[in-house]
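# Structure at a glance
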Amino acid sequence: MDLEIDSQHKIGFIGAGNMAYGIVKGILSGNVLPANIKVSAPSSRNLGRFQELGIAVTHSNVEVVCGSNIVFVAVKPHLIPLVLCEISQHVTDRHIIVSVAAGVTLATLEENSVVIRLMPNLPCVVQEGTLLLAHGSHVKQEDGALLCSLLHCCGLVEEGPEAWIDIHTGLSGSGVAFVSLFAEALAEGAVKMGMPSTLAYSIASQTVLGAGRLLRDSGKHPAQLRSEVCTPGGTTIYGLHTLEQGGVRAATMSAVESATERARELGRKSVVGSRK
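### Details of the sheet that holds strand β8 (residues 155–159)
Strand-to-strand pairing in sheets goes through backbone hydrogen bonds, with the strands running parallel or antiparallel. Pairing in this open sheet of 8 strands is mixed, and the strands run β3-β2-β1-β4-β5-β6-β7-β8 from one edge to the other. The open sheet has two edge strands with one neighbour each: β3 (56–58) and β8. Within the sheet, the average angular offset between the axes of one strand and its neighbour, ignoring direction, is 20°. Across 3 bridges, the pairing between strand β2 (residues 37–40) and β3 is parallel. Opposite V39, over in β3, you have V57 as the bridge partner.

Listed below in structure tokens is the structure:
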């Protein structure tokens, strides 16, 4: 879809947290103007950074819905029932509702509305995000194409079944924190061996960035790249042996599993909340 079309749309955000900010930063790097975006939140605490981008802000969710045709619902999962109750009578067939709430199912959200579930991650702020979309039953092909076009400046945009959304939450949404923890540990290892802290953290960050780009751009399996770094009897294989002794592989897999299960748990709670 032509990006010029996207610039005609009015885009609203209910919620002003990090995910909303990341998506806004991403779409502003494309062809969307600040004047076409409005953000609502119950307090002014997080609204200032949106105002600095030239975006209109409000405390009224209804105002956002009535003034937009694409509405991102980016609030905590436990707040979804309250938000839906507030805005539902103002949602029409001209709206595309995009939920960024972890664990909240399409069945909870859609009723007769056009709803898409979206799971982004924080690197959308620097246009290096990973976003997965799942379509509700009322979504037309052109709705999905419009959203992909809108979000492509945020990073990698993929579509898939709803069952993958919670997995993506564990892999990529939470994965940013997992990778940050590993980068922190890399740097602290260097500090332990005598390198200045500032330099160690700079090198660790660049190492993670470089490895990520190499994985993405080469198309090689991670095991192949890992093997290419190792030489017989060299430093890397000794370090990898230590990581394996510490259970880093199993711990990482378990972390993704735990985060995924937590997303599913939140989804079950949201269903119960919406029925009360």
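What follows continues from the structure just given.
### Digging into the nonpolar core
One finds I11, F13, I27, F72, L118, L147 and L151 to be the most contacted residues of the largest nonpolar core, which totals 35 residues. With near-sequence residues (within four places) excluded, F13 lies in contact with A20, I23, V24, I27, I37, K38, V39, S40, V64 and F72. The next biggest cluster of nonpolar side chains, apart from the first, holds 17 residues, and it includes I14, V64, A101 and L109.

### Re the packing of aromatic side chains
Where two aromatic rings form a pair, the distance of their centres and the angle of their planes describe that pair. Following the criterion strictly, the structure yields 2 aromatic pairs and no others. Look at F13 and F72: their rings are 4.6 Å apart centre to centre, the planes differ by 5°, and that puts the pair in the stacked class. Taken as a pair, F13 in strand β1 (residues 11–14) and F72 in strand β4 (residues 70–73) lie far apart in primary sequence, 59 residues in all. Since its relative accessible area comes to 0%, F72 is described here as buried. Consider the rings of Y21 and F50, whose centres lie 5.5 Å apart with planes at 90°: the pair is edge-to-face. Taken as a pair, Y21 in helix α2 (residues 18–28) and F50 in helix α3 (residues 48–51) lie far apart in primary sequence, 29 residues in all.

### Comments concerning the pattern of salt bridges
Throughout the structure, instances matching the rule amount to 10 salt bridges. When the shortest N-O distance is used, the salt bridge between R249 and E244 registers 2.8 Å. Residue class for R249 comes out partly exposed when judged on its relative accessible area of 47%. Judged by its relative accessible area of 41%, E244 falls in the partly exposed class. Where salt bridges share partners, they join E128, R213, R216 and D217 into one cluster.

### Details of the state of the cysteines
Taken as a whole, this structure holds 0 disulfides when the rule is applied. Of the cysteine sulfurs around C124, a residue in no disulfide, the closest is that of C154, at 4.6 Å. C124 gets classed as buried once you look at its relative accessible area, which sits at 0%. Unpaired in this structure, C153 has its nearest cysteine sulfur neighbour in C154, at a distance of 7.3 Å.

### Thoughts on the side chain of H168
The topology assignment puts H168 in helix α8 (residues 163–173). Judged by relative accessible area, H168 falls into the buried class, the value being 8%.

### Some words on the pairing of strand β7 (residues 129–135)
Of all 7 residues in β7, 5 are buried, a share of seventy percent or more. Bridge count between strand β6 (residues 114–119) and β7: 4 bridges; the pairing is antiparallel. Of the residues in β7, the one forming a bridge with M119 is L132. With 5 bridges connecting them, β7 and β8 associate as parallel partners. Counterpart to L132 in the pairing with β8 is E158. Where the polypeptide runs from β7 across helix α7 (residues 141–151) and back to β8, its parallel neighbour, the crossover connection is right-handed.

### A closer look at the pairing of β4
Side chains I70 and F72 of β4 all project onto a buried face; the interleaved residues V71 and V73 project onto the opposite face, where all are buried too. Judged from the 4 bridges that link them, β4 and strand β5 (residues 96–99) form a sheet pairing that is parallel. Along β5, the bridge assignment pairs V73 with S99. With helix α5 (residues 80–87) bridging β4 and its parallel neighbour β5, the resulting β-α-β unit is right-handed.

### Points about unusual backbone geometry
The phi angle at Q127 is positive, at roughly 60°, despite the residue not being glycine. With respect to the helices and strands, Q127 occurs in the loop between β6 and β7.

### So, the confidence of the model for the protein
Residues with a pLDDT of 70 or more make up 95% of the protein, whose mean pLDDT is 91. Between the elements of the protein, mean pLDDT differs from a low of 46, seen in helix α1 (residues 3–6), to a high of 98, seen in helix α9 (residues 175–192).

What counts and what doesn't
Residues numbered from 1 in each chain as written. Predicted model: local features only at pLDDT ≥ 70, side-chain atom pairs only at ≥ 80, totals over all residues. Heavy atoms only, no water. Pairing = 2+ DSSP bridges. Helix = DSSP H or I, 4+ residues; strand = E, 2+ residues; numbered from the N terminus. Axes fitted to C-alpha atoms, helices over the stretch in contact; angles between N-to-C directions. Core = buried A, V, L, I, M, F, W, Y, C linked by side-chain atoms within 4.5 Å. Buried < 20%, exposed > 50% of the residue type's maximum accessible area, 1.4 Å probe, protein only. Contact = heavy atoms within 4.5 Å. Phe/Tyr/Trp six-rings, centres within 6.5 Å; stacked < 30°, edge-to-face > 60°. Salt bridge = Lys/Arg side-chain N within 4 Å of Asp/Glu carboxyl O. Disulfide = S-S within 2.5 Å. Right-handed = clockwise from strand over helix to strand, strands pointing away. pLDDT = per-residue confidence, 0-100.

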